[in-house]
Amino acid sequence: MSDTPRQLPVHAPMQQFRVQDGELVVGGERLSLLAARVGQTPFYAYDRASLRARVKSLREILPAGIKLHYAMKANPMPAVVGFMAGLVDGIDVASAGELKVALDAGANPLEVSFAGPGKRRAELRQALASRVLINIESPREVVELAALSAELGMPARVAVRVNPDFELKGSGMKMGGGPKQFGVDVEQMPELLAAISRSGLAFEGFHLFAGSQNLRPESICEAQQKSFELALRLAEHAPAPVRFLNLGGGFGIPYFPGEQRLDLQPIANNLSHLLERAHREMPQASLVIELGRYLVAEAGIYVTRVVDRKISRGQVFLVTDGGLNHHLSASGNFGQVVRKNYPVTIGNKLGNIDTEQASVVGPLCTPLDLLADRMQLPIAQVDDLVVVFQSGAYGASASPQAFLGHAACPEVLV
Ligand SMILES: *Cc1c(COP(=O)(O)O)cnc(C)c1O
């Protein structure tokens with residue numbers, strides 16, 4: 001037995017932002033000035049330099065032949081989508097609403113793909129007329145697209161989203177393998193591909209997406225490898241050569257104590273190997289990975305102001321002007337099984353300030369409205385600024401903003 005105390009797990013360091021005069025610097029501005037510029041709290045802020053740096057570092061490590069797509073459901077703020085469209089090779093959308101934002105942002109329709117279960121006829125029509133690639137997820141979509149192609153006098157560009165016969169191990173959210181509403185089961189593929197062929201749709205390739213928020217490189221590599229092999233097998237039944245192979249993504253980021261940043265090197269090596277194989281075995285195919293949170297989450301913060309400081313039976317509560325209604329995932333209510341704290345700090349008290357154990361709660365009348373559960377934080381008073389890191393994805397647009405009638409939360413790209 002060693003007598004060193006057991007180390008409690010801690011949050012990965014949040015080094016994407018500088019600190020100046022005891023304040024976090026976001027978009028080149030001290031937090032208190034940024035808050036003044038926004039004109040209110042709460043707000044979300046996304047940092048351009050940090051977004052750019054993330055894409056740059058990813059490009060440096062991944063092989064040059066890999067196409068990088070941004071899955072915009074992670075953060076659909078139009079300014080962010082516009083900024084990302086200039087950095088990545090394509091945008092992945094999941095509704096006609098997102099499609100509009102992507103096209104408005106200047107994304108090249110030939111590099112936009114549209115996935116999602118339950119695409120309505122009107123959405124398919126819009127996607128077809130926009131000339132984007134439609135990821136087919138059911139036999140019904142083939143029938144609808146054949147009719148729409150005839151009506152509009154142009155064949156729909158399609159890929160098939162495959163529900164594989166494997167799962168992404170260690171993934172926060174599994175979206176492939178087993179019975180799923182996403183994609184078409186491998187077993188049904190020969191029939192579906194034959195239907196596409198008969199319908200005269202322009203077949204371009206396959207889309208596989210096994211899951212999300214994965215921090216295990218070996219699992220991601222395994223999923224990519226298996227996806228590639230599955231696509232090779234399916235290509236034999238395809239009506240045309242595969243030109244597009246979306247291997248999914250699932251790259252995670254560290255949210256909770258004990259989690260570390262994903263090691264990209266093994267993934268980059270694996271993708272290099274798959275590129276070589278594609279060159280020989282699927283020579284017309286470009287390989288795509290689609291990332292949402294990995295590209296944008298770490299560049300964003302949620303900022304909310306302390307409205308009240310209360311002590312209940314010895315426990316400190318910082319009551320803020322925003323919470324679950326704006327940031328459902330930080331409250332632990334967006335798919336988490338066990339609630340854990342996001343990295344949180346007092347963004348204007350980062351100097352040499354004593355800390356205390358405090359909980360950060362929002363203004364809603366529900367105990368679920370919790371942003372930090374008994375965390376060690378700089379000692380905060382009314383008007384101080386609570387910062388929730390890792391908030392650039394699944395924040396504003398993934399939260400019940402109308403709940404309890406508080407005002408919606410502004411977002412700024414800085
Ligand atoms: C949600 C989703 C993504 C993005 O997932 P992240 O965890 O944000 O990277 C990518 N592809 C598909 C098909 C999705 O549904």
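Note that the structure is predicted; figures quoted are calculated from it, not measured.

Caption draft 1: The arrangement of helix H9 (residues 265–281) in detail. Compared with the 24 Å implied by 1.5 Å per residue over 17 residues, the 24 Å span of H9 between its first and last C-alpha is a close match. Where H9 is concerned, the buried positions are Ile-267, Ala-268, Asn-270, Leu-271, Leu-274, Arg-277 and Ala-278. Taken together, the buried residues of H9 touch helix H2 (48–61), helix H8 (217–235) and strand S15 (286–291).

Caption draft 2: Inspection of the pairing of strand S8 (residues 133–136) at higher detail. Alternating residues of S8 divide into Leu-133 and Asn-135 and Ile-134 and Ile-136, and every residue in both groups is buried. The pairing of strand S7 (residues 112–114) with S8 spans two bridges and is classified as parallel. Within S8, the position partnered with Ser-113 by the bridge is Leu-133. Two strands pair when backbone bridges link them, and S8 and strand S9 (residues 157–163) are joined in this way by three bridges, in the parallel orientation. When the bridges of S9 are listed, Ile-134 appears paired with Val-158. As a crossover connection, the stretch from S8 through helix H6 (residues 139–152) into S9 is right-handed.

Caption draft 3: Looking closely at the pairing of S9. With seven of its seven residues buried, S9 lies for the most part within the structure. Neither face of S9 is open: one carries Arg-157, Ala-159, Arg-161 and Asn-163, the other Val-158, Val-160 and Val-162, and all of them are buried. One ladder, built from five bridges, connects S9 with strand S12 (residues 202–207); its direction is parallel. Bridge pairing links Arg-161 to His-207 in S12. Where S9 and strand S11 (residues 184–185) come together, two bridges link them in parallel fashion. The partner of Asn-163 across the bridge, within S11, is Asp-185.

What counts, and where the lines are drawn
- Residues numbered from 1 in each chain as written.
- Predicted model: local features only at pLDDT ≥ 70, side-chain atom pairs only at ≥ 80, totals over all residues.
- Heavy atoms only, no water.
- Helix = DSSP H or I, 4+ residues; strand = E, 2+ residues; numbered from the N terminus.
- Expected span 1.5 Å × (residues − 1).
- Buried < 20%, exposed > 50% of the residue type's maximum accessible area, 1.4 Å probe, protein only.
- Contact = heavy atoms within 4.5 Å.
- Pairing = 2+ DSSP bridges.
- Right-handed = clockwise from strand over helix to strand, strands pointing away.

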